[in-house]
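# Understanding the architecture of this molecule
This is what each chain is made of:
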2 protein chains.
Amino acid sequence: MENWTQGWLVYRHVEDVGNAQLTRKIKITGFDEEQPMVRNAVAEFRRGIRGMLGGSVTLVHAGAMREGVLVSCRQEIPAEGYRIREADGILQVEAADGPGVLYGIFHVLRLVAMEKPMRGIDVTCRPDNPLRMYNHWDNMDGSIERGYSGNSFFFEDNRVLVNRRTRDYCRLAASVGINGVVINNVNVKEAASWLITERYLGQVKKMAALFAEYGIRLFLSLNFAAPIELGGPDSADPFDEDVTAWWRQKIAQVYEAVPELGGFLVKADSEGRPGPFTYGRTQADGANMLADLVRPYGGIILWRCFVYNCTQDWRDTKTDRARAAYDNFIGTDGDYRDNVILQIKNGPMDFQIREPVSPLFGALQKTNQMLEVQIAQEYTGHQIDVCYLIPMFKEVLDFNTCAACPSRSECTAPVTCCEKRSTVADVVSGRTMHNGNAGICAVCNTGRDENWTGNDLAGANFYGFGRLAYDTGLSAETIAEEWIRLALSNDRQVVEHGKKILLPSRETYEKYTSPLGIGWMVTPMEHYGPSVDGYEYSRWGTYHRADWQGIGVDRTDRGTGYAQQYANPMACLYNGAETCPEELLLFFHHLPYQHRLRSGKTIIQHIYDSHFEGVEEVEEMIRLWKELEGKIEERIYQNVSERFVRQLENAREWRDQVNSYFYRKSGIADEKGRRIY
Amino acid sequence: MENWTQGWLVYRHVEDVGNAQLTRKIKITGFDEEQPMVRNAVAEFRRGIRGMLGGSVTLVHAGAMREGVLVSCRQEIPAEGYRIREADGILQVEAADGPGVLYGIFHVLRLVAMEKPMRGIDVTCRPDNPLRMYNHWDNMDGSIERGYSGNSFFFEDNRVLVNRRTRDYCRLAASVGINGVVINNVNVKEAASWLITERYLGQVKKMAALFAEYGIRLFLSLNFAAPIELGGPDSADPFDEDVTAWWRQKIAQVYEAVPELGGFLVKADSEGRPGPFTYGRTQADGANMLADLVRPYGGIILWRCFVYNCTQDWRDTKTDRARAAYDNFIGTDGDYRDNVILQIKNGPMDFQIREPVSPLFGALQKTNQMLEVQIAQEYTGHQIDVCYLIPMFKEVLDFNTCAACPSRSECTAPVTCCEKRSTVADVVSGRTMHNGNAGICAVCNTGRDENWTGNDLAGANFYGFGRLAYDTGLSAETIAEEWIRLALSNDRQVVEHGKKILLPSRETYEKYTSPLGIGWMVTPMEHYGPSVDGYEYSRWGTYHRADWQGIGVDRTDRGTGYAQQYANPMACLYNGAETCPEELLLFFHHLPYQHRLRSGKTIIQHIYDSHFEGVEEVEEMIRLWKELEGKIEERIYQNVSERFVRQLENAREWRDQVNSYFYRKSGIADEKGRRIY
């Protein structure tokens, strides 16, 4: 295989701020030194310290240690958690399990890398989310659906790859606390349907065993129609006994070969994929059938809620794709086994740069839920444009669903009234319902590119998602700074400029693309670059409904009624054009171009202004980046510079097409008289 | 290979209208019976008569013949011409050469098939165009660029196929007078670049020899960068002696292997293909270099004029793709060797349903010219929608270029003033300039489908183009009737309904697609189905410039000046919105939606009306077709019926998207209050 970088585990030489003395020795107590996670933690520690501070690290097997790192077992530490505290030259890393040790050591390495003195430290960390997963949309031919970083490093020519890069991937994932990985595309077709057969189970086992050494459970995406496609019964009906028998035998075979397997992810009844609806069954019927069969092995079923009609007629203004997930799943609340988790996209549409939070969160009161976000930049710049997504994920996690508010259905007071552990973060962490099968996952943005993520700066999303999943209290800025220091440099200007580029980048992208939450307007299928009407007359349920007078989709109680899927406080908020958060105004309302925003600006003028601003902000990013030449690795500097050229071209194209489109349609001139075509 | 039909050479049983007696015997005099074209003519005759009239046909080798067909050699008959006359029971077919014999026999068979009595007949035919060609855009992997009838029957898996289907193809082509065929795509890449090497020359020879048996010369599309790609000099500069030497040796090798080869077709400096411009040379420099080298072998060079900037910025309203062919070639008029023919598309853009005629015709006064049309329905319905194109080709051929008018540059009188052999038909037949290297070619619509053309009705274009190329005086109706009788049935209702479907089908397609000559508005790349803005913000130079007030491209002397590329009478006509033919109004003028056409109707109302009418006309076609069930072969009935379902859906989609687009943009309601979305 080709060469690749070490991402944020590059362990470049750093200044010793007093940490060297603390890290010359390491000793393990209470854990078996040969336990794989412990062994890997020690190996990582020695590698990291050697790289960052020079010299070697001694593993002390017995006897007293005057100074150094002491890893010890403390059962009262929560699972996958750790405590780091320094006293008298001994830096104690306490944990109850292997993952805790790994995460604790990575934390120590992070502090050293960021040149943070550890004398007197005392921090305790525990994961906020039980499940913290990457979902890879890798196909077995090596391609990646929505992959912008080269081909797959998991698959090639219908073979499963397990090699040095797999291990480096595990190190990166574990270093940010990821504990579950789905290795194959949710659209399971062709060779991938055979992953659960002896053709591939040997290699899957090898990969799962390697993953386990880093505290990561391997999951497979499953083809719900597998019985039919693999030569079993000619049905996938979950109520058909032949089908159940076939699955029972199949799952036994899989778990016999791969006991480490975490379970399965299923995309059913979606975009042409078969599912329970095909047989007149509910989604719960389908999920439960599989859940019962994997339960004896400790397996779980991740069931995607991305179910909608993808053959909508654009002339039909009654049907609303945004409603689909809620409509399809709300009736099954409470029907699922406890080892089923519904995996819900952050928004009701599909990973647009701005969407409201899915109303399923919180509305489901008796069902395990998992938040699905996308760090693969399908609609957010293809890892050509910089788009640091952690601020968006923070917004989603902070969204108050009113799930636990006793009067959630009546309450019309301001949303701040209900703060009883009912944010999305509360729901998916299990705090709201006290459930353990919950969490957060991201459609991953990696590939075989040298730097893993196409644009080096997209590494901040790969890194940041994991960090946020482990500790949802971290700010987007903290995460950005960590990544910059680890991956780029501790240089003050690099850190400052890096943050100035990353932190506003999501809003910059939003400014030069589709306005006020309306979404889409992208080149069909490809999803990069503008095409204002590209999805306007399509079957995908993705419309802006712009005419000479106005724009937007009426999703209020006078329109599709989507707003009413929220708990009352939010429903009321969204339902009124005056109260609706303006960044989502056109998602919920069809309004005239002359409608005035709270700023006093009209919608049409907002469109013009924000598009000019977006391009200017990209120009400013480029200016900032240029000042970093020579202060960061040349390869990274060049990689990002080259992407910035393309981002600027893209931003200009968006600006001009969107502005021209609305000018040509509305006939309303830009108040500032700028060039519109 | 799979099965396939015999197209219009199906020779189904017909009524004997007195022709049986005349065709029981055939005798050859003045020609060698074993000359391949004569032998094939006799074989075809026996096959045809047997099929249509039953019984057998005797080939009389010697002695007198009281009744029958007498093929005789008459040197005064023009090349590829023939005379058919009957007297006293002898039907004489006279010709000066093999093609004349073949064409004469096919004429006789056509008469028998159409149940036309031949007693007393006396007709003389000669080809109007020296070159009558099909251009195939077949790739060596078996795919066909813009192919809508299955894969290639010339190529498969990078192999050249010569088999029974090749012969049937030759029979079909020869039966309508085709005498040249380019077998491979003008975009010559990968394996196709190697067609001129020993890897393929053996098979090319085999195919060329078979073609020759039917009077067809085989041509190859050439990669102008072949020297570089085939390991010769690292240049394709026509002035580089190494390049010339390489080509000399290469062409000698090719002609030694394939002496029958007609020559080469070259698409240079177009859509990413290299050419003389790459080296600062003129198109003439490139063409002449090759022409000099093929001259000793009697070869000719067909040089395409499809040269334009395909990376235009949509913001740029000065550049006009329509101008490109003229601007790039007019300066080289007279610079070409006499064995070079410039191959000019019928219109200045790219095979839209309605375009003005290319101003190059006639403007080039000292250069061989060939008309290129497209029967592959790239922009005209993909052989799903019925679109009989012969009426369009007739319009093009009848267009008066004023080429031979002595006062062509001054004259501003009505166009009818100049009728001195200056129509496109005159120019490309060689009548205007008395040149022999001229003619007409069509991008072909065949593939491996059972019926050759996807939609059986598309066979009318495959047939009709050849017939028209041979005899430009034939009417579109005559040709349609011939094809219907041969391919479908002589039944009166089939003939009547068939004509009612075919003859207006081009205008029907025009009605439900883009209005008033503006073109495009198709799904990008695919070119089927509507996308009004699909090419509006693209790099392809294809814009409608619609805004809230109006639509159209100003190509007058106040705009891009394209209209001024025509001789004065036409330039004046097109330049005025009042005089411009209305079907081309928006091609030449940007006008408000409220502009009134001569009918008194506004442009916007015309858009609405024509789109509703287009769909109604498709419904009428379907009604007519349904009445033919049981009167034609069931396979054909079903094939066309299935396509009609898709055509109707397509027409409705076009109607609704175009009408909605302009309603949403203009805000002007349909006067008749019909449903617009």
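Above this text sits the structure in question.
The notes below deal with the structure included here. (Residues numbered from 1 in each chain as written. Chains lettered and ligands numbered in written order. Predicted model: local features only at pLDDT ≥ 70, side-chain atom pairs only at ≥ 80, totals over all residues. Heavy atoms only, no water.)

### Some thoughts on the overall build of chain A
In terms of helices and strands, chain A carries 19 helices and 18 strands. Here chain A has a C-alpha radius of gyration of 25 Å; the compact-globule value for 677 residues is 26 Å, and the two agree. C-alpha atoms of chain A, sized along the principal axes, occupy 80 × 65 × 50 Å. Counting only residues that meet the buried cut, chain A has 66% of its 677 residues in that class. Once local pairs closer than 6 in sequence are excluded, the contacts in chain A between residues at least 24 apart make up 72%. Split by element, the accessible area of chain A, about 23,000 Å² in all, is 48% carbon and sulfur. If the 76 positive side-chain charges of chain A are averaged to one point and the 91 negative ones to another, these points end up 3 Å apart. (Helix = DSSP H or I, 4+ residues; strand = E, 2+ residues; numbered from the N terminus. Rg over C-alpha atoms; globule rule 2.2 N^0.38 Å. Buried < 20%, exposed > 50% of the residue type's maximum accessible area, 1.4 Å probe, protein only. Contact = heavy atoms within 4.5 Å. Areas by Shrake-Rupley, 256 points an atom, 1.4 Å probe, with all protein chains shown as cover. Lys, Arg positive; Asp, Glu negative; His and termini not counted. Charge placed at Lys NZ, Arg CZ, Asp CG, Glu CD.)

### Digging into the pattern of salt bridges
All names here are of chain B. Per the counting criterion, the structure on display carries 106 salt bridges over all chains. One salt bridge in this structure joins Arg-354 and Glu-510, with 2.7 Å as the shortest N-O distance. Taken together, the positions of Arg-354 in the loop between strand 14 (340–345) and helix 9 (360–363) and Glu-510 in helix 15 (residues 505–512) put the pair 156 residues apart, joining distant regions of the chain. Judged by its relative accessible area of 8%, Arg-354 is buried. (Salt bridge = Lys/Arg side-chain N within 4 Å of Asp/Glu carboxyl O.)

### Observations regarding the interface of chain A and chain B
Contact residues are listed per partner, giving 21 residues for chain A and 21 residues for chain B. Of the roughly 2,000 Å² buried where chain A meets chain B, counting both sides, 53% is carbon and sulfur surface. Counting every contact that joins chain A to chain B gives six salt bridges. Linking chain A to chain B there are twelve residue pairs in polar contact (both at pLDDT 80 or more). Of the residues belonging to the side of chain A that touches chain B, the class tally is seven nonpolar, four polar and ten charged. (Buried area = accessible area lost by both parts, 1.4 Å probe. Polar contact = N/O pair within 3.5 Å; in protein donor to acceptor, adjacent residues only side chain to side chain. Nonpolar A, V, L, I, M, F, W, Y, C, P; charged D, E, K, R; others polar.)

### Observations concerning the sheet that holds strand 6 (residues 122–125) of chain B
Through backbone hydrogen bonds, the strands of a sheet pair up, either in parallel or in antiparallel fashion. All names here are of chain B. Pairing is mixed across the open sheet formed by six strands, whose spatial order is 2-1-3-5-4-6. The strands lining the two open edges of the sheet, one partner per strand, are strand 2 (58–60) and strand 6. Direction aside, neighbouring strands of the sheet carry axes that sit 20° apart on average. Examined bridge by bridge, strand 1 (residues 25–29) and strand 3 (residues 68–73) share four bridges and lie parallel to one another. Residue pairing in the sheet places Thr-29 in a bridge with Ser-72 of strand 3. Helix-sheet contacts for helix 1 (residues 36–53) involve strand 1, strand 2 and strand 3, and the interaxial angle to strand 1 is about 170°. Across the face of the sheet, helix 2 (residues 98–113) comes into contact with strand 1, strand 3, strand 4 (82–87), strand 5 (90–95) and strand 6 while running at roughly 50° to strand 4. (Pairing = 2+ DSSP bridges. Axes fitted to C-alpha atoms, helices over the stretch in contact; angles between N-to-C directions.)

Taken by themselves, the reported measurements are silent on function.
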